[in-house]
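Single-letter residue listing:
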Number of protein chains: 2
Amino acid sequence: MDTQASSSAPAALPPADLESLRAAFSGRLITDPADQEPFLIDWRRRYRGRALAVAVPDSVDDVAAVVRWCAERRLPIVPQGGNTGMSGAATPDDSGRAVVLSLAKLTKVRSIDTINNSITVEAGCTLDSVREAAAAAGRLFPLSLPSGGSCTIGGNLSTNAGGTAVLRYGNTRELCLGLEVVTAEGEVWDGLRGLRKDNTGYDLRDLYVGSEGTLGVITAATMKLYPQPAAQITAIAAVADPHAALKLLEMAQGKLGSSLTAFELIADLCLDLVVRYFPDCQKPFREASPYVVLMETSDSESEAHANASFESLMEAAIEAGVVTDAVVAQSLAQSQAMWKLREFVSEAQSAEGKNIKHDISVPISDIGRFIEETNALVEQAFPGIRMVVFGHLGDGNLHYNVSPPVGRTGAEHEAWFLGLQPAINLLVHDAVAAANGSISAEHGLGQLRRDEAARYKSPVEKALMWRVKRALDPLGIMNPGKVLAED
Amino acid sequence: MDTQASSSAPAALPPADLESLRAAFSGRLITDPADQEPFLIDWRRRYRGRALAVAVPDSVDDVAAVVRWCAERRLPIVPQGGNTGMSGAATPDDSGRAVVLSLAKLTKVRSIDTINNSITVEAGCTLDSVREAAAAAGRLFPLSLPSGGSCTIGGNLSTNAGGTAVLRYGNTRELCLGLEVVTAEGEVWDGLRGLRKDNTGYDLRDLYVGSEGTLGVITAATMKLYPQPAAQITAIAAVADPHAALKLLEMAQGKLGSSLTAFELIADLCLDLVVRYFPDCQKPFREASPYVVLMETSDSESEAHANASFESLMEAAIEAGVVTDAVVAQSLAQSQAMWKLREFVSEAQSAEGKNIKHDISVPISDIGRFIEETNALVEQAFPGIRMVVFGHLGDGNLHYNVSPPVGRTGAEHEAWFLGLQPAINLLVHDAVAAANGSISAEHGLGQLRRDEAARYKSPVEKALMWRVKRALDPLGIMNPGKVLAED
């Protein structure tokens, strides 16, 4: 595992100085090591760090005050939302010099506008609370993640989170109309515009989105809302291989247009694992199929129309030999059962033992070839290894995960398997790079993929990124050591 | 008019040095003043400048060579596409020091991928040529502008162009997956990724998009394609005021979802002007209505379904008292006739005499109040003045134009009217700023709105923009004097 070694003693400041931080803002300042603990380790328990203190400011102005206090002392700041990130971006290093800046108390829904279809929320609002506020006003906020009850909109923006509705609604970036940001020098930039069109200068908003706290601190955002669909219908289709899944995608996009809101590929091994560890789940078809596709349509007209569209698509796909079998959910319960087959894959894979995750994307047209050739390469290099392949095919984004051979589950086997991680990562990510793909489609770089990204990015691109970093964070105090490898 | 005075003599370089430029790249170098002429004046004839030379390089590497030649000599570079911009961003100043860099020869469609739904084109491709290449492959490239035969995709990206399909497909920014850029120092950044998801660092792409050539030169782009809709249907509805138009928008978005691809507001005066100067056009309803709404639906199912959806929407809207009359086009010819009423407004207003244009946006929910109150303010301050209000209501974007009182059309009246321009701009743009709107929704800043933008942006935002500018263009040679007012 990547947990960092704790090599140097914490550079503790004299207590009086922490008192000056306490006096500088309204909010909670956590200095007791036991109380700091939950802020110093990521939820996957891959990274553990130390901090001078954890600051939990009450307001945007208090966030700015904390940043200014740190800037004056050249102390690193690690912004943190729900601490549910996948890449360790919100965990401090082990120097003990950093101030962890939690946005947990910034939880106001500042305004909601059902005609402009927008909502302005503070960074610490959980994703589910934003979805609920939208729903209460009769609107849809389409971003949806398994961690929705804990992850925050500030974290979603900082990592440009994805999810299963990207096909129709885009990534978190595309859902954002405006931002409020505390800059690296502790000033407040009010960019909270709720406009669909604004061409008055550089796109600062999209620079902060996805920058994982390395340029400034997102404190609030104006996000897009949508009408709630009249009906949502789920279906599962059996396909022989990813090429057939791509043909089905093209047919579905042609016939359903933007009503198609999810298109998820699931390899048969994923379903085997799910039904093994979740006995309430059943495989969708009597005969095993190498892959299935989970699809969702969101219809603005009616359930009957949604059903008819899906039935017509599936008939055409079966007739064309693209799909070997298909089932359209006839009830909410059936829909939910289908989604569980997708949602439980990660957990089932964890129950099976240690695993190695990749969050990759390639051009959608290349995904069939990529899976075939890369599966073959991995299986040849590491005989018996199992590929747990599933993900957002409609976005070209796969969770291209790896499990050890059947039966190799003891502690000794685990050490052997995790020892393969660098070699497997290299093989998979080299294949991604050769396909002009991305080694982090929706999880960000944080510390997990920082050095690997540096391997694949061109010198020109790395130099441009460093120029942006130095321009917006001239003191280098915003989440140092994340995203950018040393210049 | 804003045509700049020509005050200083051109700082001509010794001929030998232009010979070194000629030797530095493959392509055309235009030094003859008469041949340069079309590159030195914008199409609206508001700006005229001078240039050391006009370079028309043959390839991306030649673009980079021209930029490096200029960088070595600290000479300004003015990138130019189809020279159809609305804000003078592509016209050099009158110093005569600049090299105009035309992308006109970079016209390759490099690749098209109907499964990935993407097309990679060079910057000098006209918008219509991109649309045609997509259509030939059975796909839709949704950006559409009246200048499509002349404007280039590089220019569309540099200004983040809008148009009538933004409601469904977004601005040019949202249509872009990846860029190739020659940096301000003459290096080539290959960011031509055709991915829907890629979270591996800062969003350089969106920084170059909309930066109007002030950070680097866009030389190619990978753009999104969409399935072609099965049917497109147009309708016009009569509404009493913009508030009713907003109610109709909400009903249409609820019932049609993302099939709704256009929602344009047109004030009755616009229709009067169109039928006066285009005798083939007719007003859509016998009884005049203060406003009409032009709507378009793009249906993935069938023409019959599109028609039924529209008829059902209009019936509900009439029943609810939101719409006083409505007509759904029954043929392509009827659709085209309806669109002409919208497309000819600008030309009809020009035929009526000089006019003052504003390209503004406000939150959609505020647009009714904005029009009422701002119309009243302008009419009170300048009695007899006529408001020519039309635009993309679904995006909150109005072309909020002003014409002189009836009958005041002679040269003397024109001078009087254009003398009012600063005061009218101030009044309108102050009202926009008070509504947290944008003074340039889709036309960019260029030189036309540069100083006005500086009036409304916060010091924090201006400082961030200058930091980005200095980071990516440290020599200050990329299109100086555009977008950013002096620091």
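Keep in mind that this is a model prediction, so the values were computed, not measured. Sequence order sets the numbering: in each chain, residues are counted from 1 along the sequence as written. Here chains are named by letter from A upward and ligands by number from 1 upward, in the order in which they appear as written. The predicted origin of the model limits local features to residues at a pLDDT of at least 70 and limits the giving and counting of side-chain atom pairs to 80 or more, whereas totals for whole chains, interfaces and linings rest on all residues. With hydrogens and water set aside, each side-chain value is computed from the structure's full complement of heavy atoms.

**Q** Mind laying out the overall build of chain A, listing which residues take part and the relevant values?
**A** Within chain A one finds 17 helices and 18 strands. Here the globule rule is a power law, 2.2 Å times the number of residues to the power 0.38, and the radius of gyration is based on C-alpha atoms. Since a compact globule built from 487 residues should have a radius of gyration of about 23 Å, the 23 Å found for chain A is in line with a globular shape. Viewed in the frame of its principal axes, chain A has a C-alpha envelope of about 75 × 60 × 45 Å. Throughout, exposure labels follow a simple rule: accessible area from a 1.4 Å probe, protein chains only, divided by the maximum for the residue type, with under 20% read as buried, over 50% as exposed, and the rest as partly exposed. Across the 487 residues of chain A, 60% fall into the buried class. In this description, contact between two residues means that some pair of their heavy atoms is separated by no more than 4.5 Å. Residue pairs at least 24 apart in sequence account for 73% of intrachain contacts in chain A once pairs closer than 6 positions are excluded. Secondary structure is summarised from DSSP: a helix means a run of H or I of at least four residues, a strand means a run of E of at least two, and numbering begins at the N terminus for each.

**Q** Could you give me a rundown of the UniProt feature "domain: FAD-binding PCMH-type" (unreviewed entry) in chain A, with the residues and numbers involved?
**A** With numbering matched to this structure, UniProt assigns "domain: FAD-binding PCMH-type" (unreviewed entry) to residues 47-228 of chain A. Segment residues 47-228 of chain A splits into 22% helix and 26% strand. End C-alpha atoms: 39 Å apart. UniProt positions are given in the numbering used here, feature names are shortened, and annotations may be inferred rather than shown by experiment.

**Q** Quick rundown of the domain arrangement of chain A? Include the residues and the values.
**A** When the parts of a complex come together, some accessible area is lost, and that lost area is often used as the size of the interface. Residues and elements named next belong to chain A. Taken domain by domain, chain A holds domain 1 (109-227), domain 2 (229-351) and domain 3 (353-444). A straight line from the C-alpha centre of domain 2 to that of domain 3 covers 23 Å. Domain 2 puts 20 residues into the contact, and the matching count from domain 3 is 25 residues. Put simply, buried area is how much 1.4 Å-probe accessible surface two parts lose in total, over both of them, once they are put together. Together domain 2 and domain 3 conceal approximately 1800 Å² of surface at their shared face, both sides included; 57% is due to carbon and sulfur atoms. Reported domain spans reflect what an automatic or database domain assignment gives.

**Q** Break down helix 4 (residues 127-136) of chain B for me, citing the residues and quoting the values.
**A** All names here are of chain B. Taken residue by residue, helix 4 has Leu127, Val130 and Ala134 as its buried positions. All buried residues of helix 4 project into a common sector of 65° when viewed along the axis, lining one side. Opposite the packed face of helix 4, turned more than 90 degrees from it, sit the exposed residues Glu132 and Ala136. Among the residues trailing helix 4, Gly138 stands out with phi positive, at a value near 80°. What the arc describes is the spread of directions from the helix axis to the C-beta atoms.

**Q** Pulling in residues and values, what's your account of the sheet that holds strand 17 (residues 386-392) of chain B?
**A** Strand-to-strand pairing in sheets goes through backbone hydrogen bonds, with the strands running parallel or antiparallel. All names here are of chain B. Here 7 strands make up an open sheet; going across it, the order is 15-12-14-13-17-18-16 and the pairing antiparallel. Looking along the sheet, the strands with just one partner apiece sit at the ends: strand 15 (325-328) and strand 16 (359-361). Put simply, the sheet's adjacent strands are angled 20° from each other on average, direction ignored. Note that strand 13 (residues 260-267) and strand 17 share 2 bridges and pair antiparallel. What sits directly across from Leu265, in strand 17, is Gly391. Lines fitted to C-alpha atoms define the axes here, with helix axes fitted over just the stretch in contact, and angles between the N-to-C directions of these axes take values from 0 to 180 degrees. Helix 9 (residues 242-256) rests against strand 12 (231-239), strand 13 and strand 14 (291-299) of the sheet, and its axis sits at about 170° to strand 13. Relative to the sheet, helix 13 (residues 345-352) contacts strand 13, strand 17 and strand 18 (397-403), its axis offset from that of strand 17 by approximately 165°. For two strands to pair, DSSP has to find at least two bridges joining them.

**Q** Would you mind going over the packing of helix 9 of chain B against helix 11 (residues 303-319) of chain B in detail, with residue names and values included?
**A** Residues and elements named next belong to chain B. Following both chains from N to C, one finds helix 9 and helix 11 inclined at 145°, their axes separated by 10 Å at the closest point. Crossing hand, helix 9 versus helix 11: right-handed. Along the contact surface, helix 9 presents Leu248, Met251, Ala252, Lys255 and Leu256, while helix 11 presents Ser309, Phe310, Ser312, Leu313, Ala316 and Ala317. Taken together, the residues that form the contact of helix 9 with helix 11 break down as 8 nonpolar, 2 polar and 1 charged. Here a crossing is taken to be left-handed if its near helix is turned anticlockwise relative to the far helix by less than a right angle, and right-handed if that turn runs clockwise. Here the nonpolar group is Ala, Val, Leu, Ile, Met, Phe, Trp, Tyr, Cys and Pro; Asp, Glu, Lys and Arg are the charged ones; every other residue, Gly included, is treated as polar.

**Q** Outline the state of the cysteines, supporting the account with residue identities and numerical values.
**A** All names here are of chain A. Cysteine sulfur pairs qualify as disulfides if the two atoms are within 2.5 Å. Evaluated as defined, the whole model comprises 0 disulfides over all chains. This cysteine, Cys125, is not joined by any disulfide, and Cys151 carries the nearest cysteine sulfur, 12 Å off. Judged by relative accessible area, Cys125 falls into the buried class, the value being 2%.

**Q** So what's going on with the packing of aromatic side chains? Residues and values would help.
**A** Residue and element names in this part refer to chain B. Pairing of aromatic side chains requires ring centres within 6.5 Å, counting the rings of Phe and Tyr and the six-membered ring of Trp. Pairs whose planes differ by under 30 degrees are stacked, by over 60 edge-to-face, and all others tilted. The final tally for this structure, using the stated rule, is 10 aromatic pairs over all chains. Ring centres 4.7 Å apart and planes at 65° place the aromatic pair Tyr169 and Tyr226 in the edge-to-face group. With Tyr169 in helix 6 (residues 166-169) and Tyr226 in strand 11 (residues 226-227), the pair connects residues that are 57 residues apart, well separated along the chain. The pair Tyr169 / Tyr226 is uniform in exposure class, with both members buried. In our convention, an over-ring charge means Lys NZ or Arg CZ found within 6 Å of a ring centre and within 35 degrees of that ring's normal. If you follow Arg408 out to its NZ or CZ, it ends over the ring of Trp416, 3.7 Å from the centre.

**Q** I'd like a description of the nonpolar core, backed by residues and values.
**A** When a protein is soluble and globular, its nonpolar side chains tend to lie buried together. Ranked by size, the top nonpolar core spans 232 residues in total, and within it Phe141, Leu179 and Met295 of chain A together with Phe141, Leu179 and Met295 of chain B carry the most contacts. For Phe141 of chain B, the contacting residues outside a window of four places in its chain are Leu127, Val130, Arg131, Ala134, Ile153, Leu175, Met223, Lys224 and Leu225 of chain B. Working definition of a nonpolar core: buried Ala, Val, Leu, Ile, Met, Phe, Trp, Tyr and Cys residues. They are joined through side-chain atoms within 4.5 Å.

**Q** Describe the sheet that holds strand 16 (residues 359-361) of chain A, with residues and values.
**A** Residues and elements named next belong to chain A. Read across the sheet, 7 strands follow the order 15-12-14-13-17-18-16 without closing on themselves; strand pairing throughout is antiparallel. The strands lining the two open edges of the sheet, one partner per strand, are strand 15 (325-328) and strand 16. On average, each strand axis in the sheet is inclined to that of its neighbour by 20°, with strand direction left out of account. Along the sheet, helix 8 (residues 242-256) makes contact with strand 12 (231-239), strand 13 (260-267) and strand 14 (291-299), crossing strand 13 at roughly 170°.

**Q** Run through the interface of chain A and chain B, naming residues and quoting values.
**A** Residue-level contacts link 86 residues of chain A with 86 residues of chain B. Carbon and sulfur atoms supply 52% of the area that chain A and chain B bury against each other, a total of about 6700 Å² over both sides. Interface area lost by chain A to chain B is led by Lys197, Asn199 and Tyr202 of chain A, which between them contribute 16%. We define a salt bridge as a side-chain nitrogen of Lys or Arg found within 4 Å of a carboxyl oxygen belonging to Asp or Glu. Counting across the chain A and chain B interface gives 12 salt bridges. When residues of the side of chain A that touches chain B are traced back to their parent elements, those giving at least two are helix 6 (166-169), strand 9 (188-191), helix 7 (204-208), helix 8, helix 10 (303-319) and helix 17 (459-472) of chain A. Of the residues forming the side of chain A that touches chain B, the biggest block, 9 residues, is contributed by helix 17 of chain A.

**Q** For the environment of Gly155 of chain A, give the residues involved together with the corresponding values.
**A** Within the secondary structure, Gly155 of chain A is located in helix 5 (residues 153-159). For Gly155 of chain A and Val209 of chain A, which are 54 residues apart along the polypeptide, the C-alpha to C-alpha distance reads 9.6 Å.

**Q** Please give an account of the relation of the copies chain A and chain B that cites residues and values.
**A** Least squares is the method used to superpose the copies, on C-alpha atoms of residues holding a pLDDT of at least 70 in both. With an RMSD of 0.0 Å, the fit of chain A onto chain B corresponds to turning through 180° and sliding 0.0 Å along the axis. Accordingly, the operation relating the two chain copies is best matched by a two-fold axis. Residue Ala471 of chain A, judged by its C-alpha, is the member of chain A lying nearest the rotation axis, at 3.0 Å. Interface overlap between copies is the fraction of interface residues in one copy that are interface residues in the other; for chain A against chain B it reaches 100%, indicating a shared surface.

**Q** Got a sec to walk through the pattern of salt bridges? Specific residues and values, please.
**A** All names here are of chain A. Across all of its chains, the model carries 58 salt bridges over all chains by this definition. Here Arg73 makes a salt bridge to Asp17, at a shortest N to O gap of 3.1 Å. Taken as a pair, Arg73 in helix 3 (residues 60-73) and Asp17 in helix 1 (residues 15-24) lie far apart in primary sequence, 56 residues in all. Exposure remark for Arg73: the relative accessible area of 28% places this residue in the partly exposed category.

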